[in-house]
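Each chain, written out:
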Amino acid sequence: MTEGIVYLTFIPWFLYFASLCKNALKDLKDNEINLKWIKKNIFKIFHFENIILFAIFFYFSAYYSDSNQIWLVEVLLFSAINLYLFINRYYDKNRSKATIGTKDVSTILIIMFLIFIPLIYYISSRNYVVTCYIFFAYSFFNYLIVYIAKTINDFIMKLITKKNDEE
């Protein structure tokens, strides 16, 4: 029963992370990434208001780790924070108006593969708190993750087109 609850608490994070990645993919698709663009969009890339919510979770998980009901608090707090952040995304003024097309499907698949890394860690270690920390890091560095996935996708597409041109 508790394992089922743990996996249910990951759903709000998946929703929130998917909305972050969707927006990041739209932004990175339409813009050339350089230092000038990063400086101009630093508050779009890194949502510093989220640090406060992440810090609250870190505080409870670090300083009250010996408490009897800390597991319940961590589970509820993690899912509540991510549910709030997901709902709050709809009020974000920095959302991109671009669209995602069929060319972006392979990048989305790479991002989905990267999402499974913390899940595999949780399944193998059953360490909920560290998994939550990794999920929070993924949320905070979502643009970097999407950029890496996009770069990997572009590299693979160049290899495929190069091989097809040789034949």
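Refer to the structure printed above.
Residue numbers here run from 1 along each chain, matching the order of that chain's written sequence. Local features are withheld for residues below a pLDDT of 70 in this predicted model, meaning they are given only at 70 or higher, and side-chain atom pairs are given and counted only at 80 or more; totals for whole chains, interfaces and linings count all residues. By convention in this description, side-chain values take in all heavy atoms of the structure and omit both hydrogens and water.

> For this particular structure, what's the right way to read the environment of Phe 86?
Inspection of the secondary structure assignment puts Phe 86 in helix α5 (residues 70–88). Taking the C-alpha atoms as reference points, Phe 86 and Ala 18, separated by 68 residues in sequence, lie 9.2 Å from one another. Should any heavy atoms of two residues lie within 4.5 Å, those residues are considered in contact. Setting aside its immediate chain neighbours within four residues, Phe 86 contacts Leu 15, Tyr 16 and Ser 19. By the criteria applied, helices consist of DSSP H or I runs no shorter than four residues and strands consist of E runs no shorter than two, each listed in order from the N terminus.

> Help me out: how do you make sense of helix α7 (residues 128–140) in this one?
Expected helix span is taken as 1.5 Å per residue step, with the number of steps being one fewer than the number of residues. Relative to the 18 Å expected for 13 residues at 1.5 Å per residue, α7 spans 18 Å between its end C-alpha atoms, a close match to the ideal helical length. Buried, partly exposed and exposed residues are distinguished by accessible area as a fraction of the type maximum, computed with a 1.4 Å probe on protein chains only: under 20%, between the cut-offs, and over 50%, respectively. Here α7 has its buried residues at Tyr 128, Val 129, Thr 131, Cys 132, Phe 135, Phe 136, Tyr 138, Ser 139 and Phe 140. For this analysis, a polar contact is any N or O atom pair within 3.5 Å, provided that within protein one partner can donate a hydrogen and the other can accept it, and provided that sequence-adjacent residues contribute only side-chain to side-chain pairs. For α7, the N-terminal capping position is held by Asn 127, with its side-chain oxygen 3.4 Å away from the main-chain nitrogen of Val 130.

> Hey, could you run me through the packing of helix α1 (residues 2–30) against helix α6 (residues 105–125) in this one?
Each packed pair of helices is defined by two parameters, the angle between the axes and the distance between the axes. Between α1 and α6, the least distance of the axes is 12 Å, while the angle of their chain directions is 150 degrees. By the angle between their directions, the pair α1 and α6 is classed as roughly antiparallel. Every pair of crossing elements has a handedness; the one defined by α1 and α6 is right-handed. Along the contact surface, α1 presents Glu 3, Val 6, Tyr 7, Phe 10, Trp 13, Phe 14, Phe 17, Cys 21 and Leu 25, while α6 presents Thr 107, Ile 108, Ile 111, Ile 115, Leu 119, Tyr 122 and Ile 123. In the scheme used here, Gly and all other residues not listed as nonpolar or charged are polar, with Ala, Val, Leu, Ile, Met, Phe, Trp, Tyr, Cys and Pro taken as nonpolar and Asp, Glu, Lys and Arg as charged. When its residues are assigned to classes, the contact of α1 with α6 shows 14 nonpolar, one polar and one charged. Comment: axis = line fitted to C-alpha atoms, over the contacting stretch for helices; angle = value between 0 and 180 degrees taken between N-to-C directions. Each angle receives one of four descriptions, namely roughly parallel if under 35 degrees, roughly antiparallel if over 145, roughly perpendicular if within 65 to 115, and oblique otherwise. In this scheme the handedness of a crossing depends on how the near helix is turned from the far one: anticlockwise by less than a right angle means left-handed, clockwise means right-handed.

> Could you clarify how one ought to interpret the pattern of salt bridges in this entry?
When charged atoms on two side chains of opposite charge get close, those side chains can pair. Definition used for salt bridges: Asp or Glu carboxyl oxygen within 4 Å of a side-chain nitrogen of Lys or Arg. Counted according to the given criterion, the structure contains one salt bridge. The residue Asp 154 makes a salt bridge to Lys 150 at a minimum N-O spacing of 3.4 Å. Taken as a pair, Asp 154 and Lys 150 lie in helix α8 (residues 142–166) at a separation of four residues, close to a single helical turn. Overall, Asp 154 belongs to the partly exposed group, its relative accessible area being 34%.

> For this particular structure, what's the right way to read a nonpolar patch on the surface?
Patches here: salt-bridge-free residues with over 30% relative accessible area, like charges joined within 9 Å, nonpolar side chains (Val, Leu, Ile, Met, Phe, Trp, Tyr) joined within 5 Å. Accessible areas in this description were obtained via Shrake-Rupley with a 1.4 Å probe; residue shielding takes into account the shown protein chains only. A cluster of nonpolar side chains, namely Phe 141, Leu 144, Tyr 147, Ile 148, Ile 152, Phe 155, Ile 156, Met 157, Leu 159 and Ile 160, defines an oily patch on the protein surface of about 880 Å² accessible area. Structurally, Ile 160 is set in helix α8. Overall, Ile 160 belongs to the partly exposed group, its relative accessible area being 40%.

> I would appreciate a short explanation of the nonpolar core in the present structure.
For soluble globular proteins, nonpolar side chains are generally found buried alongside one another. Among buried residues, those of type Ala, Val, Leu, Ile, Met, Phe, Trp, Tyr and Cys that are joined through side-chain atoms within 4.5 Å constitute a nonpolar core. Core analysis: the largest hydrophobic core is formed by 35 residues, its most contacted members being Phe 10, Trp 13, Phe 17, Phe 78, Ile 111, Tyr 128 and Val 146. Listed by contribution, the elements that provide at least two residues to this core are α1, α4 (49–63), α5, α6, α7 and α8. The greatest single-element share of this core, amounting to 10 residues, is contributed by α1. With residues near it in sequence (within four places) discarded, Phe 17 still touches Ile 111, Ile 115, Tyr 138, Ser 139, Asn 142 and Ile 145.

> How should the packing of aromatic side chains be read in this particular structure?
Any two aromatic rings considered together are summarised by their centre-to-centre distance and by the angle between their planes. Only Phe, Tyr and Trp rings take part, Trp by its six-membered ring, and two of them pair if their centres are within 6.5 Å. Stacked means planes under 30 degrees apart, edge-to-face means over 60, and tilted covers everything else. For the coordinates displayed, the defined rule picks out 28 aromatic pairs. A ring pair is formed by Trp 13 and Phe 17, whose centres lie 4.8 Å apart and whose planes are at 15 degrees; its orientation type is stacked. Of the two residues, Trp 13 and Phe 17 both sit in helix α1, four residues apart, roughly one turn of that helix. By relative accessible area, which is 1% here, Phe 17 ends up buried.

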